Amino acid sequence: MKEIYLDYAATTRPLQEVAEAVAVSMINTYGNPSSLHKKGVEAETILKETSDKLSKMLGCLADEIIYTSGGTESNNMAILGLCAAYKRRAHKLITSSVEHPSVLETFKYLQTQGFEVCIIGVDKEGMLDLEALQKAIDKETLLVSIMHVNNEIGTVQDIERIGGLIKQKNKDTFFHVDAVQSFGKAPISVKKCNIDLLSISAHKFYGPRGVGVLYKNKDVRINPLIYGGGQQKGIRAGTENVPGIAGMLKACNYADQNMERLNAHYRTCKMYLSDSVLEHIPDTFINGPDKSKGAPHILNIGFRGIKSEVLLHALESKGIYVSSGSACSSNKKVKSTVLSAIGNKKEDLDNAIRFSFGMDTSLEELSYVADKLEEQVMLLRKYTLGGRHK
Ligand SMILES: Cc1ncc(COP(=O)(O)O)c(C=O)c1O
(Lines give C-alpha, C1' and ligand atoms only; values in the text may rest on other atoms or scores of the structure.)
Protein backbone atom coordinates (compact mmCIF):
# COMPACT_ATOMS: atom_id res chain seq x y z
CA MET A 1 0.00 0.00 0.00
CA LYS A 2 1.34 3.43 -0.84
CA GLU A 3 1.85 5.84 2.04
CA ILE A 4 0.85 9.48 1.78
CA TYR A 5 2.09 11.73 4.54
CA LEU A 6 0.03 14.88 4.99
CA ASP A 7 1.09 15.79 8.50
CA TYR A 8 4.00 18.13 7.78
CA ALA A 9 2.78 20.70 10.33
CA ALA A 10 3.27 18.04 13.02
CA THR A 11 6.75 17.24 11.80
CA THR A 12 8.69 16.94 8.57
CA ARG A 13 10.96 14.19 7.36
CA PRO A 14 14.48 15.64 7.60
CA LEU A 15 16.23 16.31 4.30
CA GLN A 16 18.84 13.78 3.25
CA GLU A 17 21.53 16.46 3.62
CA VAL A 18 20.24 17.22 7.14
CA ALA A 19 20.47 13.57 8.19
CA GLU A 20 23.95 13.38 6.67
CA ALA A 21 25.11 16.53 8.46
CA VAL A 22 23.84 15.10 11.78
CA ALA A 23 25.72 11.84 11.17
CA VAL A 24 28.92 13.59 10.05
CA SER A 25 28.84 15.80 13.12
CA MET A 26 28.33 12.81 15.42
CA ILE A 27 31.24 11.00 13.84
CA ASN A 28 33.68 13.86 13.21
CA THR A 29 32.83 17.00 15.18
CA TYR A 30 32.12 15.16 18.42
CA GLY A 31 34.04 17.59 20.61
CA ASN A 32 32.39 19.59 23.37
CA PRO A 33 32.00 23.16 22.09
CA SER A 34 33.19 24.45 25.48
CA SER A 35 36.49 22.53 25.27
CA LEU A 36 39.53 24.66 24.57
CA HIS A 37 41.30 22.22 22.23
CA LYS A 38 40.88 21.70 18.47
CA LYS A 39 37.96 19.27 18.81
CA GLY A 40 36.07 21.80 20.89
CA VAL A 41 36.80 24.60 18.46
CA GLU A 42 35.52 22.47 15.55
CA ALA A 43 32.23 21.89 17.36
CA GLU A 44 32.00 25.54 18.36
CA THR A 45 32.49 26.55 14.72
CA ILE A 46 29.26 24.72 13.83
CA LEU A 47 27.38 26.73 16.46
CA LYS A 48 28.89 29.96 15.15
CA GLU A 49 28.05 29.18 11.52
CA THR A 50 24.47 28.31 12.44
CA SER A 51 24.06 31.46 14.54
CA ASP A 52 25.40 33.52 11.60
CA LYS A 53 22.91 31.95 9.22
CA LEU A 54 19.98 32.40 11.62
CA SER A 55 20.97 35.99 12.32
CA LYS A 56 20.93 36.76 8.59
CA MET A 57 17.51 35.15 8.17
CA LEU A 58 16.02 37.01 11.16
CA GLY A 59 17.87 40.31 10.78
CA CYS A 60 19.46 40.10 14.23
CA LEU A 61 22.91 39.59 15.77
CA ALA A 62 24.48 36.14 15.93
CA ASP A 63 24.87 36.76 19.66
CA GLU A 64 21.11 36.99 20.03
CA ILE A 65 20.60 33.29 19.15
CA ILE A 66 20.05 30.77 21.97
CA TYR A 67 19.85 27.05 21.19
CA THR A 68 17.08 25.03 22.83
CA SER A 69 15.45 21.62 22.50
CA GLY A 70 12.59 22.93 20.34
CA GLY A 71 9.55 25.17 20.16
CA THR A 72 8.09 24.16 23.50
CA GLU A 73 11.27 24.98 25.38
CA SER A 74 11.78 28.24 23.47
CA ASN A 75 8.24 29.38 24.31
CA ASN A 76 8.64 28.42 27.98
CA MET A 77 12.05 30.03 28.22
CA ALA A 78 10.87 33.27 26.65
CA ILE A 79 7.74 33.65 28.76
CA LEU A 80 8.84 32.23 32.13
CA GLY A 81 12.34 33.68 31.83
CA LEU A 82 11.10 37.17 31.04
CA CYS A 83 8.45 37.13 33.77
CA ALA A 84 11.03 36.03 36.35
CA ALA A 85 13.46 38.75 35.29
CA TYR A 86 10.94 41.62 35.30
CA LYS A 87 8.38 40.51 37.89
CA ARG A 88 8.83 43.70 39.90
CA ARG A 89 8.29 45.96 36.91
CA ALA A 90 4.80 44.94 35.72
CA HIS A 91 2.40 42.04 36.18
CA LYS A 92 0.05 41.95 33.21
CA LEU A 93 0.45 39.44 30.37
CA ILE A 94 -1.45 39.29 27.10
CA THR A 95 -1.86 36.45 24.62
CA SER A 96 -4.45 35.14 22.16
CA SER A 97 -7.08 32.42 22.40
CA VAL A 98 -5.49 30.40 19.55
CA GLU A 99 -1.96 29.95 20.85
CA HIS A 100 -0.17 26.61 21.05
CA PRO A 101 -0.46 24.84 24.45
CA SER A 102 3.21 25.56 25.13
CA VAL A 103 2.20 29.22 25.39
CA LEU A 104 -1.31 28.92 26.84
CA GLU A 105 -0.34 26.43 29.57
CA THR A 106 2.66 28.57 30.53
CA PHE A 107 0.37 31.59 30.90
CA LYS A 108 -2.03 29.50 32.98
CA TYR A 109 0.84 28.60 35.30
CA LEU A 110 1.90 32.25 35.59
CA GLN A 111 -1.65 33.13 36.58
CA THR A 112 -1.20 30.90 39.63
CA GLN A 113 1.95 32.90 40.43
CA GLY A 114 0.13 36.21 40.66
CA PHE A 115 0.35 37.49 37.08
CA GLU A 116 -2.79 38.85 35.46
CA VAL A 117 -3.47 37.16 32.14
CA CYS A 118 -5.60 38.73 29.42
CA ILE A 119 -6.61 36.52 26.48
CA ILE A 120 -7.55 38.34 23.28
CA GLY A 121 -10.10 36.73 21.00
CA VAL A 122 -10.02 36.13 17.25
CA ASP A 123 -12.54 36.33 14.41
CA LYS A 124 -14.03 33.45 12.38
CA GLU A 125 -10.80 33.17 10.35
CA GLY A 126 -8.59 33.21 13.44
CA MET A 127 -7.37 36.81 13.02
CA LEU A 128 -6.57 38.62 16.26
CA ASP A 129 -8.92 41.38 17.43
CA LEU A 130 -6.45 44.25 17.14
CA GLU A 131 -8.77 46.78 18.71
CA ALA A 132 -9.14 44.60 21.81
CA LEU A 133 -5.38 44.14 21.91
CA GLN A 134 -4.80 47.88 21.72
CA LYS A 135 -7.30 48.49 24.52
CA ALA A 136 -5.80 45.77 26.72
CA ILE A 137 -2.23 47.13 26.65
CA ASP A 138 -1.55 49.58 29.46
CA LYS A 139 1.38 50.71 31.60
CA GLU A 140 1.19 47.48 33.62
CA THR A 141 1.62 45.24 30.57
CA LEU A 142 4.88 43.33 30.70
CA LEU A 143 4.52 40.95 27.76
CA VAL A 144 2.40 40.25 24.69
CA SER A 145 2.84 36.80 23.13
CA ILE A 146 1.24 36.18 19.74
CA MET A 147 1.92 33.35 17.30
CA HIS A 148 2.77 34.10 13.66
CA VAL A 149 1.10 31.12 11.93
CA ASN A 150 -1.53 29.02 13.67
CA ASN A 151 -0.68 25.33 13.71
CA GLU A 152 -4.27 24.05 13.44
CA ILE A 153 -5.95 26.33 10.91
CA GLY A 154 -3.05 28.23 9.32
CA THR A 155 -4.12 31.79 10.13
CA VAL A 156 -1.25 34.26 9.54
CA GLN A 157 -1.20 37.15 12.01
CA ASP A 158 0.03 40.57 10.91
CA ILE A 159 3.06 40.45 13.20
CA GLU A 160 4.54 43.71 11.91
CA ARG A 161 1.35 45.61 12.65
CA ILE A 162 0.95 43.96 16.05
CA GLY A 163 4.57 44.77 16.98
CA GLY A 164 4.09 48.40 15.98
CA LEU A 165 0.83 48.67 17.86
CA ILE A 166 2.34 47.22 21.07
CA LYS A 167 5.32 49.57 21.13
CA GLN A 168 3.15 52.57 20.27
CA LYS A 169 0.89 51.84 23.23
CA ASN A 170 3.70 51.00 25.67
CA LYS A 171 7.32 51.00 24.52
CA ASP A 172 8.31 48.98 27.62
CA THR A 173 5.99 46.06 26.81
CA PHE A 174 7.92 43.09 25.41
CA PHE A 175 6.76 41.21 22.32
CA HIS A 176 7.22 37.44 21.97
CA VAL A 177 6.35 35.62 18.74
CA ASP A 178 5.88 31.88 18.40
CA ALA A 179 7.21 31.48 14.85
CA VAL A 180 7.38 27.68 14.96
CA GLN A 181 4.98 27.24 12.02
CA SER A 182 6.28 30.18 9.99
CA PHE A 183 10.07 30.18 10.22
CA GLY A 184 11.52 28.96 6.94
CA LYS A 185 8.22 29.60 5.15
CA ALA A 186 7.72 33.32 5.65
CA PRO A 187 10.52 35.88 5.85
CA ILE A 188 10.66 37.50 9.30
CA SER A 189 12.61 40.59 10.32
CA VAL A 190 12.65 40.85 14.11
CA LYS A 191 13.70 44.50 14.02
CA LYS A 192 11.04 45.58 11.53
CA CYS A 193 8.37 43.77 13.56
CA ASN A 194 9.59 45.05 16.97
CA ILE A 195 10.03 41.48 18.20
CA ASP A 196 11.98 40.99 21.43
CA LEU A 197 11.77 37.20 21.64
CA LEU A 198 11.00 34.64 18.91
CA SER A 199 10.67 30.85 19.00
CA ILE A 200 11.76 28.44 16.25
CA SER A 201 11.73 24.64 15.96
CA ALA A 202 13.95 22.81 13.44
CA HIS A 203 11.74 19.78 12.83
CA LYS A 204 9.02 21.93 11.25
CA PHE A 205 11.28 22.88 8.33
CA TYR A 206 13.02 19.61 7.44
CA GLY A 207 15.53 19.80 10.29
CA PRO A 208 15.99 17.33 13.14
CA ARG A 209 13.58 16.93 16.07
CA GLY A 210 14.72 18.13 19.46
CA VAL A 211 16.48 21.31 18.29
CA GLY A 212 15.14 24.82 18.46
CA VAL A 213 16.09 28.43 18.82
CA LEU A 214 15.08 31.36 20.92
CA TYR A 215 15.97 34.73 19.46
CA LYS A 216 16.40 37.19 22.34
CA ASN A 217 17.06 40.87 21.79
CA LYS A 218 20.40 41.62 23.49
CA ASP A 219 18.81 44.37 25.62
CA VAL A 220 16.14 42.07 27.02
CA ARG A 221 16.81 40.04 30.15
CA ILE A 222 15.49 36.55 30.83
CA ASN A 223 16.23 34.38 33.85
CA PRO A 224 17.43 30.86 33.05
CA LEU A 225 15.16 27.83 33.42
CA ILE A 226 18.17 25.52 33.58
CA TYR A 227 21.22 26.16 35.77
CA GLY A 228 24.60 24.56 35.30
CA GLY A 229 27.90 25.09 33.54
CA GLY A 230 27.18 28.53 32.19
CA GLN A 231 26.91 27.60 28.50
CA GLN A 232 25.14 30.09 26.19
CA LYS A 233 26.03 32.97 28.49
CA GLY A 234 24.40 31.22 31.42
CA ILE A 235 20.92 31.53 29.90
CA ARG A 236 20.65 27.87 28.93
CA ALA A 237 23.20 25.65 30.62
CA GLY A 238 24.11 22.23 29.26
CA THR A 239 26.28 21.02 26.40
CA GLU A 240 24.73 22.10 23.13
CA ASN A 241 23.21 19.55 20.73
CA VAL A 242 25.92 20.04 18.10
CA PRO A 243 24.76 17.33 15.63
CA GLY A 244 21.18 18.65 15.79
CA ILE A 245 22.40 22.20 15.25
CA ALA A 246 24.55 21.06 12.30
CA GLY A 247 21.42 19.53 10.80
CA MET A 248 19.42 22.67 11.46
CA LEU A 249 22.01 24.73 9.57
CA LYS A 250 21.39 22.61 6.46
CA ALA A 251 17.64 23.00 6.92
CA CYS A 252 18.03 26.79 7.24
CA ASN A 253 20.09 26.97 4.05
CA TYR A 254 17.50 24.92 2.20
CA ALA A 255 14.56 26.95 3.49
CA ASP A 256 16.27 30.21 2.65
CA GLN A 257 17.02 29.16 -0.93
CA ASN A 258 13.69 27.47 -1.68
CA MET A 259 11.12 29.49 0.26
CA GLU A 260 9.23 30.99 -2.68
CA ARG A 261 9.21 27.84 -4.76
CA LEU A 262 8.01 25.69 -1.85
CA ASN A 263 5.31 28.14 -0.82
CA ALA A 264 3.96 28.19 -4.38
CA HIS A 265 3.93 24.39 -4.33
CA TYR A 266 2.12 24.22 -0.97
CA ARG A 267 -0.46 26.75 -2.19
CA THR A 268 -1.16 24.64 -5.32
CA CYS A 269 -1.64 21.59 -3.08
CA LYS A 270 -3.96 23.47 -0.74
CA MET A 271 -6.12 24.87 -3.56
CA TYR A 272 -6.30 21.49 -5.28
CA LEU A 273 -7.36 19.49 -2.23
CA SER A 274 -9.80 22.06 -0.88
CA ASP A 275 -11.47 22.42 -4.31
CA SER A 276 -11.73 18.63 -4.71
CA VAL A 277 -13.16 18.09 -1.24
CA LEU A 278 -15.58 21.02 -1.11
CA GLU A 279 -16.88 20.30 -4.61
CA HIS A 280 -17.37 16.55 -4.27
CA ILE A 281 -18.19 15.92 -0.61
CA PRO A 282 -21.31 17.56 0.77
CA ASP A 283 -21.45 19.08 4.26
CA THR A 284 -17.79 19.99 4.37
CA PHE A 285 -16.34 23.36 5.27
CA ILE A 286 -13.00 25.07 5.80
CA ASN A 287 -11.99 25.96 9.34
CA GLY A 288 -10.04 29.20 9.39
CA PRO A 289 -8.99 31.43 6.50
CA ASP A 290 -10.20 30.94 2.95
CA LYS A 291 -8.10 28.50 0.88
CA SER A 292 -6.42 31.39 -0.99
CA LYS A 293 -5.36 32.99 2.30
CA GLY A 294 -3.60 31.75 5.40
CA ALA A 295 -0.45 29.66 5.49
CA PRO A 296 -0.08 27.72 2.24
CA HIS A 297 0.94 24.48 3.97
CA ILE A 298 -2.09 24.10 6.29
CA LEU A 299 -5.66 23.21 5.31
CA ASN A 300 -8.27 22.39 7.96
CA ILE A 301 -11.57 20.90 6.82
CA GLY A 302 -14.62 19.98 8.86
CA PHE A 303 -16.63 16.89 7.83
CA ARG A 304 -20.10 17.17 9.35
CA GLY A 305 -21.42 14.12 11.15
CA ILE A 306 -18.05 12.34 11.45
CA LYS A 307 -15.72 12.31 14.42
CA SER A 308 -12.27 13.40 13.28
CA GLU A 309 -10.53 10.55 15.04
CA VAL A 310 -12.69 8.00 13.22
CA LEU A 311 -11.97 9.59 9.84
CA LEU A 312 -8.27 9.88 10.70
CA HIS A 313 -8.05 6.12 11.28
CA ALA A 314 -10.19 5.32 8.23
CA LEU A 315 -7.70 7.30 6.13
CA GLU A 316 -4.79 5.65 7.89
CA SER A 317 -6.16 2.27 6.77
CA LYS A 318 -5.73 3.59 3.21
CA GLY A 319 -2.15 4.70 3.88
CA ILE A 320 -3.00 8.39 4.35
CA TYR A 321 -1.62 10.17 7.42
CA VAL A 322 -3.34 13.33 8.59
CA SER A 323 -4.01 15.02 11.90
CA SER A 324 -7.07 15.91 13.90
CA GLY A 325 -6.26 19.39 15.09
CA SER A 326 -2.78 19.99 16.44
CA ALA A 327 -0.55 16.91 16.64
CA CYS A 328 0.92 18.01 19.93
CA SER A 329 -2.43 17.99 21.67
CA SER A 330 -4.54 15.67 19.54
CA ASN A 331 -3.59 12.53 21.49
CA LYS A 332 -5.37 14.08 24.46
CA LYS A 333 -9.11 13.70 24.19
CA VAL A 334 -9.87 17.40 24.39
CA LYS A 335 -11.87 19.53 22.00
CA SER A 336 -9.83 22.03 20.04
CA THR A 337 -9.58 25.40 21.79
CA VAL A 338 -8.74 26.91 18.41
CA LEU A 339 -12.00 25.75 16.82
CA SER A 340 -13.93 27.04 19.85
CA ALA A 341 -12.06 30.34 19.61
CA ILE A 342 -13.09 30.87 15.97
CA GLY A 343 -16.70 30.35 17.03
CA ASN A 344 -17.47 26.87 15.70
CA LYS A 345 -20.75 25.48 16.97
CA LYS A 346 -20.58 22.60 19.45
CA GLU A 347 -21.30 20.02 16.73
CA ASP A 348 -18.44 21.38 14.60
CA LEU A 349 -15.71 21.10 17.24
CA ASP A 350 -14.94 17.47 16.74
CA ASN A 351 -15.04 16.81 13.01
CA ALA A 352 -11.95 18.63 11.75
CA ILE A 353 -9.05 17.14 9.86
CA ARG A 354 -5.84 19.04 9.33
CA PHE A 355 -4.04 18.34 6.06
CA SER A 356 -0.55 19.79 5.90
CA PHE A 357 1.62 19.73 2.80
CA GLY A 358 5.32 19.33 2.21
CA MET A 359 7.94 19.33 -0.51
CA ASP A 360 7.18 15.71 -1.47
CA THR A 361 3.40 16.10 -1.70
CA SER A 362 2.17 15.60 -5.28
CA LEU A 363 -1.15 16.37 -6.98
CA GLU A 364 -1.35 12.72 -7.96
CA GLU A 365 -1.25 11.81 -4.27
CA LEU A 366 -3.85 14.44 -3.47
CA SER A 367 -6.13 13.10 -6.18
CA TYR A 368 -5.95 9.68 -4.48
CA VAL A 369 -6.58 11.34 -1.10
CA ALA A 370 -9.63 13.18 -2.45
CA ASP A 371 -11.04 9.89 -3.83
CA LYS A 372 -10.45 8.03 -0.58
CA LEU A 373 -11.89 10.87 1.45
CA GLU A 374 -15.09 10.84 -0.57
CA GLU A 375 -15.34 7.06 -0.29
CA GLN A 376 -14.68 6.95 3.47
CA VAL A 377 -16.80 9.95 4.38
CA MET A 378 -19.80 8.55 2.51
CA LEU A 379 -19.30 5.15 4.09
CA LEU A 380 -18.95 6.50 7.63
CA ARG A 381 -21.94 8.78 7.26
CA LYS A 382 -24.03 5.84 6.07
CA TYR A 383 -23.23 3.98 9.28
CA THR A 384 -23.25 6.83 11.76
CA LEU A 385 -26.20 8.79 10.46
CA GLY A 386 -28.31 6.10 8.83
CA GLY A 387 -27.63 7.66 5.44
CA ARG A 388 -28.91 11.11 6.37
CA HIS A 389 -25.83 12.69 4.79
CA LYS A 390 -25.77 11.56 1.19
C1 LIG B 1 2.83 26.86 16.82
C2 LIG B 1 3.64 25.86 17.57
N3 LIG B 1 4.32 26.24 18.64
C4 LIG B 1 5.09 25.38 19.35
C5 LIG B 1 5.17 24.06 19.00
C6 LIG B 1 6.04 23.13 19.80
O7 LIG B 1 7.24 22.85 19.10
P8 LIG B 1 8.13 21.56 19.47
O9 LIG B 1 7.42 20.36 18.93
O10 LIG B 1 9.44 21.80 18.76
O11 LIG B 1 8.29 21.55 20.94
C12 LIG B 1 4.45 23.59 17.89
C13 LIG B 1 4.46 22.15 17.51
O14 LIG B 1 3.55 21.65 16.90
C15 LIG B 1 3.68 24.53 17.14
O16 LIG B 1 2.99 24.14 16.06
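Residues numbered from 1 in each chain as written. Predicted model: local features only at pLDDT ≥ 70, side-chain atom pairs only at ≥ 80, totals over all residues.

Some details on the overall build of the protein
Counting its regular elements, the protein contains eleven helices and twelve strands. Expressed along its principal axes, the backbone C-alpha trace of the protein runs to roughly 70 × 50 × 35 Å. Looking at the 390 residues of the protein, the share that counts as buried comes to 49%. (Helix = DSSP H or I, 4+ residues; strand = E, 2+ residues; numbered from the N terminus. Buried ≥ 20, exposed ≤ 12 C-beta atoms within 10 Å, placed from the backbone.)

Some details on the nonpolar core
Membership of the largest hydrophobic core comes to 107 residues, with the highest contact counts inside it found for Leu198, Tyr215 and Ile245. Here this core spans two domains, and each of domain 1 (4-11 + 258-384) and domain 2 (16-253) adds at least three residues to it. Ignoring anything within four residues of it in the chain, the contact list for Ile245 reads Ile46, Leu47, Thr50, Tyr67, Val211 and Glu240. (Core = buried A, V, L, I, M, F, W, Y, C linked by C-beta atoms within 7 Å. Domains from an automatic or database assignment. Contact = placed C-beta atoms within 7 Å.)

Quick look at the sheet that holds strand β10 (residues 298-303)
The strand order across the open sheet built from three strands is β9-β10-β12, with neighbouring strands paired in antiparallel fashion. Edge positions in the sheet fall to β9 (284-286) and β12 (352-356), since each of these pairs with one other strand and no more. Averaged over neighbouring strand pairs, the angle between their axes works out to 30° when direction is ignored. On top of the sheet, helix α7 (residues 242-280) reaches β9, β10 and β12; it is set at about 10° to β10, its chief contact. (Pairing = 2+ DSSP bridges. Axes fitted to C-alpha atoms, helices over the stretch in contact; angles between N-to-C directions.)

As for the confidence of the model for the protein
When the pLDDT values of the protein are averaged, the result is 95; 96% of them are 70 or greater. pLDDT under 50 marks residues 326-330. Its contacts with residues more than four places away, or in other chains, come to eleven contacts. (pLDDT = per-residue confidence, 0-100.)

Here's the deal with unusual backbone geometry
One non-glycine residue, Asn194, lies in positive phi territory at about 60°. Tracing the backbone shows Asn194 in the loop between β6 (174-178) and β7 (197-201).

A short note on the site of the ligand
Within the structure, the ligand sits among 16 residues, and Gly70, Gly71, Thr72, Asn151 and Ser201 are positioned closest to it. For the shell around the ligand, the secondary structure elements donating two or more residues are α3 (71-85) and α9 (327-330). Among the elements that make up the shell around the ligand, the one with the highest residue count is α3 (three residues). Each residue belonging to the shell around the ligand can be placed in one class, and the counts come to four nonpolar, eleven polar and one charged. Each of two domains, domain 1 (4-11 + 258-384) and domain 2 (16-253), supplies a minimum of three residues to the shell around the ligand. (Near = placed C-beta within 6 Å. Nonpolar A, V, L, I, M, F, W, Y, C, P; charged D, E, K, R; others polar.)

Side note on the domain arrangement of the protein
Domain annotation of the protein identifies domain 1 (4-11 + 258-384) and domain 2 (16-253). Inter-centroid distance (C-alpha atoms) of domain 1 to domain 2 is 28 Å. Counting residues at the interface gives 23 residues for domain 1 and 21 residues for domain 2. For the side of domain 1 that touches domain 2, the secondary structure elements donating two or more residues are α7, β10, α9 and α10 (337-341).

A look at helix α2 (residues 38-58)
If you check α2, its first and last C-alpha atoms are 30 Å apart, about what 21 residues at 1.5 Å a residue would give, namely 30 Å. Those residues of α2 lying buried are Ala43, Ile46, Leu47, Thr50, Ser51, Leu54, Met57 and Leu58. The arc that holds every buried residue of α2, seen down its axis, measures 125°, which confines them to one face. Across α2 from its buried face, at more than 90 degrees, point the exposed residues Lys38 and Lys56. Looking at the residues trailing α2, positive phi occurs at Gly59, about 70°. (Expected span 1.5 Å × (residues − 1). Arc of directions from axis to C-beta.)

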